[in-house]
Amino acid sequence: MSLYDDAVLTLKRYEDQPGLRDLYLEHLAAHPDGVYKPCEAGHVTGSALVVDPARGRVLLTLHKKLGMWLQMGGHCEPGDATLAGAALREAVEESGIASGLTLVPGGPVRLDRHPIPAPCNWHLDVQYAVLAPAGAVAEISEESLDLRWFPYAEVAAVADASVVRLMEATRARLGG
């Protein structure tokens, strides 16, 4: 199965946010290259919120280009077999946590469509959640200005509404 096929199947199985989900599926139907960065009409991205539920915190990166606290994530690459795998790869790369990160079961937690600078128009982000292992030590990557654990209660003060919605949906999925 190709990454494109996995993206379509993943989105068809995703039951929340039906209007946005259908927009993603329409985009992919019109753009067979819509999972990769060169698609200027927009492209699917994979991101993951790294969570440490035992300590009530999330790991955010201060994005180098945007200067915003965000979840880990980015573009799909030719070696990615699945959207979930792309999101997990990005979480490992950007968090510096080399082993032990695991995807929260149940597929994507949320979808978030946001404009980006030209030449592309949109990121169609498929957002996952990833559990950090006990004692995980994060290391800043070249893509970040900073990397920091934030208690759940502090996320709204540092991050935008999309990150807050992702955190809330992740906590709901985890049952707390």
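Residues numbered from 1 in each chain as written. Predicted model: local features only at pLDDT ≥ 70, side-chain atom pairs only at ≥ 80, totals over all residues. Heavy atoms only, no water.

Digging into the overall build of the chain
Here's step 1: Along the backbone of the chain there are five helices and eight strands.
Here's step 2: Reading the chain from its N end, one meets helices and strands in the order α-α-β-β-β-β-α-β-β-β-β-α-α.
Here's step 3: In terms of overall dimensions, the chain has a C-alpha envelope of 45 × 35 × 30 Å along the principal axes.
Here's step 4: Classification of the 176 residues of the chain by burial places 46% in the buried group.
Here's step 5: If you take every contact in the chain between residues at least 6 apart in sequence, the share linking residues at least 24 apart comes to 66%.
Here's step 6: With the model as given, the accessible surface of the chain reaches about 8,400 Å², and the carbon-plus-sulfur share is 55%. (Helix = DSSP H or I, 4+ residues; strand = E, 2+ residues; numbered from the N terminus. Buried < 20%, exposed > 50% of the residue type's maximum accessible area, 1.4 Å probe, protein only. Contact = heavy atoms within 4.5 Å. Areas by Shrake-Rupley, 256 points an atom, 1.4 Å probe, with all protein chains shown as cover.)

Remarks on the layout of surface pockets
Here's step 1: Of the pockets and cavities examined, the largest pocket occupies roughly 970 Å³.
Here's step 2: Lining the largest pocket are 35 residues; nearest its centre among them are His 63, Leu 66, His 75, Ile 116 and His 123.
Here's step 3: Contributing elements (two or more residues each) for the lining of the largest pocket: strand E1 (43-52), strand E2 (57-63), strand E4 (72-75), helix H3 (83-95), strand E6 (110-115) and strand E7 (122-131).
Here's step 4: Along the lines of polarity and charge, the residues of the lining of the largest pocket split into 10 nonpolar, 15 polar and 10 charged.
Here's step 5: Each pocket or cavity is described by its volume, and for the second largest pocket that value is around 160 Å³.
Here's step 6: Considering the residues around the second largest pocket, the lining is formed by Asp 6, Leu 9, Thr 10, Arg 13, Tyr 14, Glu 15, Asp 16, Gly 106, Gly 107, Pro 108 and Arg 173.
Here's step 7: With four residues, the top contributor of residues to the lining of the second largest pocket is helix H1 (residues 3-13).
Here's step 8: Broken down by class, the residue content of the lining of the second largest pocket amounts to three nonpolar, three polar and five charged. (1 Å grid on protein atoms, 1.4 Å probe; cavity = no way out; pocket = protein on both sides within 12 Å on 5 of 7 lines; lining within 4 Å. Points joined across faces, edges and corners; volume = space filled by probe spheres on them. Nonpolar A, V, L, I, M, F, W, Y, C, P; charged D, E, K, R; others polar.)

Some words on H3
Here's step 1: Across its 13 residues, H3 extends 18 Å between first and last C-alpha, which sits within 8% of the 18 Å expected from 1.5 Å per residue.
Here's step 2: Of all the positions in H3, only Leu 83, Ala 86, Ala 87, Arg 89, Glu 90, Ala 91, Glu 94 and Ser 95 are classed as buried.
Here's step 3: Its buried side turned inward, H3 meets H1, E1, E2, E4, E7 and strand E8 (144-151).
Here's step 4: Following H3 by one or two positions, Gly 96 adopts a phi angle in the positive range, close to 75°. (Expected span 1.5 Å × (residues − 1).)

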